[in-house]
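Analysis of the macromolecular model
The primary structure of each chain is shown beneath.
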Amino acid sequence: MNTIRAIGKTLDQKILIGKLNNVVPRVLTASAVICTVSNTIQAPSDEKKSIFIKNVCIWSGTILSALAATKVLNKNTPLKNIVNGQKQIVENFVGTNTLKDTSVKNILEKAKSKVLSLNEVKILYNNLDKTEKGSEFLEKLIPSPIAKNFKEEIKEVGKLSILGLLPVTGGVLGGISGDKLIEKNWIKKIPNKIKEGFYQYFANIFLCNVGAIGALSLMKNVKSKSVKMAG
C-alpha cells in the first residue's frame with residue numbers, strides 16, 4: 001500500500017470523522033471569539049463598539065448557518081453509534097476468519113474503539129487486502145468516499161455547493177444585521193454585501209467544486225484508458 005493511499009484511508013476512518021464532527025463547533029466558536037477580540041482591540045477607540053457588534057453578527061450568522069447546514073445535509077451519526085458499529089464489523093470479521101499475525105490482531109482490537117495510526121492502517125491493508133474477504137472487510141471498516149458514477153459525483157458536488165452557500169448567506173445576513181444595529185443608512189450597504197457574498201461563493205466555493213469534479217472525471221477517464229491499453 002503506497003503512502004498517499006494510506007494517508008487517505010487514515011483520514012477516512014469513521015471514528016476520526018466522528019470525533020472531528022464533535023470538535024468542529026468548539027473550534028469554530030473559539031476561532032470566532034479570538035478574531036472578534038483581536039479585531040476589536042486593533043480598532044480605533046471610537047470604532048471598537050461598532051467593530052465588535054459587526055464581528056459578533058457576522059461570525060454568529062456564518063457559524064450557526066454552517067453548523068445547521070452540516071447537520072441537515074450530512075446527517076452525522078453520533079460517535080457512540082459509530083464506535084458500536086465499528087466494534088461489530090471487527091468482531092464479525094475476527095469471528096469468521098483465522099488471523100495468525102499478532103500485530104494484525106492487536107490493530108483490529110484497537111480499531112474497535114480508537115483511531116488507527118498511518119502505520120497501523122498500512123499494516124492492515126498490506127495483510128488483509130490480498131483476499132476478497134479481507135478487501136470487503138476493509139471497505140466496511142474504512143469506506144471509500146469516492147462516488148461510483150458521474151450522477152453520484154454531481155449529487156455530491158451539489159451537496160458541497162449548498163454546504164458552502166449557506167454559511168456565506170449566513171455571513172451576509174449577519175453583516176446586514178450588524179449594520180442595522182449601528183448605522184442609519186444600513187439599507188444602502190445591502191447591495192454591496194450581497195455582491196461580496198456572491199463573489200466569495202462563486203469564486204472560492206462553486207468554481208472550486210466544478211474544477212474538482214472536472215479533475216476527478218479526467219483522472220477516471222485516463223485511468224480507464226490506461227487499463228484498456230494494458231489489457
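To keep things clear, this report deals only with the structure shown in the data block. As the structure is a prediction and not an experimental result, all values here were calculated from the model.

Here we look at the overall build of the protein
Within the protein, the secondary structure is distributed over nine helices and zero strands. Taking 2.2 N^0.38 as the reference for a compact globule, 231 residues should give roughly 17 Å; the C-alpha atoms of the protein span a radius of gyration of 23 Å, well beyond that estimate. Dimensions of the protein, computed from the C-alpha atoms along their principal axes, are close to 75 × 40 × 30 Å. Looking at the 231 residues of the protein, the share that counts as buried comes to 27%. Put simply, 68% of the contacts in the protein that link residues at least 6 apart link residues at least 24 apart. When the accessible surface of the protein is summed, it comes to about 15,300 Å², and 63% of that surface belongs to carbon and sulfur atoms. Within the protein, the 17 negative side-chain charges are centred at a point lying 3 Å from the centre of the 35 positive side-chain charges.

Here's the deal with the pattern of salt bridges
On inspection of all chains with the given rule, the structure shows eight salt bridges. Linking Glu120 and Lys110 is a salt bridge whose minimum nitrogen-to-oxygen distance equals 2.9 Å. Separated by 10 residues along the polypeptide, Glu120 in helix H6 (residues 118-128) and Lys110 in helix H5 (residues 102-111) bring together distant segments of the chain. Taking the relative accessible area as the measure of exposure, Lys110 reaches 27% and is therefore partly exposed. A single salt-bridge network, built from bridges that share partners, covers Lys54, Asp179, Glu183, Lys189 and Lys193.

Observations regarding H5
Val104, Ile107, Leu108 and Ala111 are the residues of H5 that are buried. Projection of H5 onto a plane perpendicular to its axis shows the buried side chains occupying an angular sector of 100°, all on one side. Considering only its buried residues, H5 is in contact with helix H2 (14-42), helix H4 (79-96), H6 and helix H7 (132-141).

Some details on the environment of Lys140
By secondary structure assignment, the location of Lys140 is in helix H7. In this structure, the C-alpha to C-alpha distance between Lys140 and Gln86, residues 54 residues apart in sequence, is 8.7 Å. The contact partners of Lys140, leaving out residues within four places of it in the chain, are Lys14 and Ile89.

Notes on the nonpolar core
Core analysis: the biggest nonpolar cluster contains 17 residues, and Leu108, Leu124, Leu128 and Phe137 have the highest contact counts within it. Contributing elements (two or more residues each) for this core: H4, H5, H6 and H7. Non-local contacts of Leu128, meaning those with residues more than four positions away in its chain, are made with Phe93, Leu99, Val104, Gly134, Ser135, Phe137 and Leu138.

Section: H4
With 18 residues, H4 extends 26 Å between its outermost C-alpha atoms, agreeing within 8% with the 26 Å of an ideal straight helix rising 1.5 Å per residue. All of the buried residues in H4 are Ile82, Gln86, Ile89, Val90 and Phe93. Along the axis of H4, the buried positions cluster into a sector of 90°, meaning they face one direction only. Across from the buried face of H4, at angles greater than 90 degrees, the exposed residues are Lys80, Gly95 and Thr96. On the buried face of H4, the contacting elements are H2, H5, H6 and H7.

Some words on the state of the cysteines
This model, assessed by the stated rule, comprises zero disulfides. Cys57 takes part in no disulfide bond, and the closest cysteine sulfur, belonging to Cys35, lies 16 Å away. The exposure class assigned to Cys57 is buried, which follows from its relative accessible area of 16%.

Section: the packing of H4 against H7
The geometry of H4 relative to H7 is characterised by a closest axis approach of 10 Å and an angle of 170° between their N-to-C directions. The pairing of H4 with H7 is recorded here as roughly antiparallel in orientation. Taken together, the residues of H7 that come into contact with H4 (itself represented by Gln86, Ile89, Val90 and Phe93) are Lys133, Gly134, Phe137, Lys140 and Leu141. Looking at the contact of H4 with H7 residue by residue, the class counts come to five nonpolar, two polar and two charged.

With respect to the packing of helix H1 (residues 3-11) against H6
The N-to-C vectors of H1 and H6 enclose an angle of 110°; their axes lie 9 Å apart at closest approach. Between H1 and H6, the angle is such that the two are roughly perpendicular. Between H1 and H6, the contacting residues are Thr3, Arg5, Ala6, Ile7, Lys9 and Thr10 on the first element and Leu118, Val121, Lys122 and Tyr125 on the second. Within the contact of H1 with H6, the residues separate by chemical class into five nonpolar, two polar and three charged.

The rules behind each value
- Residues numbered from 1 in each chain as written.
- Predicted model: local features only at pLDDT ≥ 70, side-chain atom pairs only at ≥ 80, totals over all residues.
- Heavy atoms only, no water.
- Helix = DSSP H or I, 4+ residues; strand = E, 2+ residues; numbered from the N terminus.
- Rg over C-alpha atoms; globule rule 2.2 N^0.38 Å.
- Buried < 20%, exposed > 50% of the residue type's maximum accessible area, 1.4 Å probe, protein only.
- Contact = heavy atoms within 4.5 Å.
- Areas by Shrake-Rupley, 256 points an atom, 1.4 Å probe, with all protein chains shown as cover.
- Lys, Arg positive; Asp, Glu negative; His and termini not counted.
- Charge placed at Lys NZ, Arg CZ, Asp CG, Glu CD.
- Salt bridge = Lys/Arg side-chain N within 4 Å of Asp/Glu carboxyl O.
- Arc of directions from axis to C-beta.
- Core = buried A, V, L, I, M, F, W, Y, C linked by side-chain atoms within 4.5 Å.
- Expected span 1.5 Å × (residues − 1).
- Disulfide = S-S within 2.5 Å.
- Axes fitted to C-alpha atoms, helices over the stretch in contact; angles between N-to-C directions.
- Parallel < 35°, antiparallel > 145°, perpendicular 65-115°, else oblique.
- Nonpolar A, V, L, I, M, F, W, Y, C, P; charged D, E, K, R; others polar.

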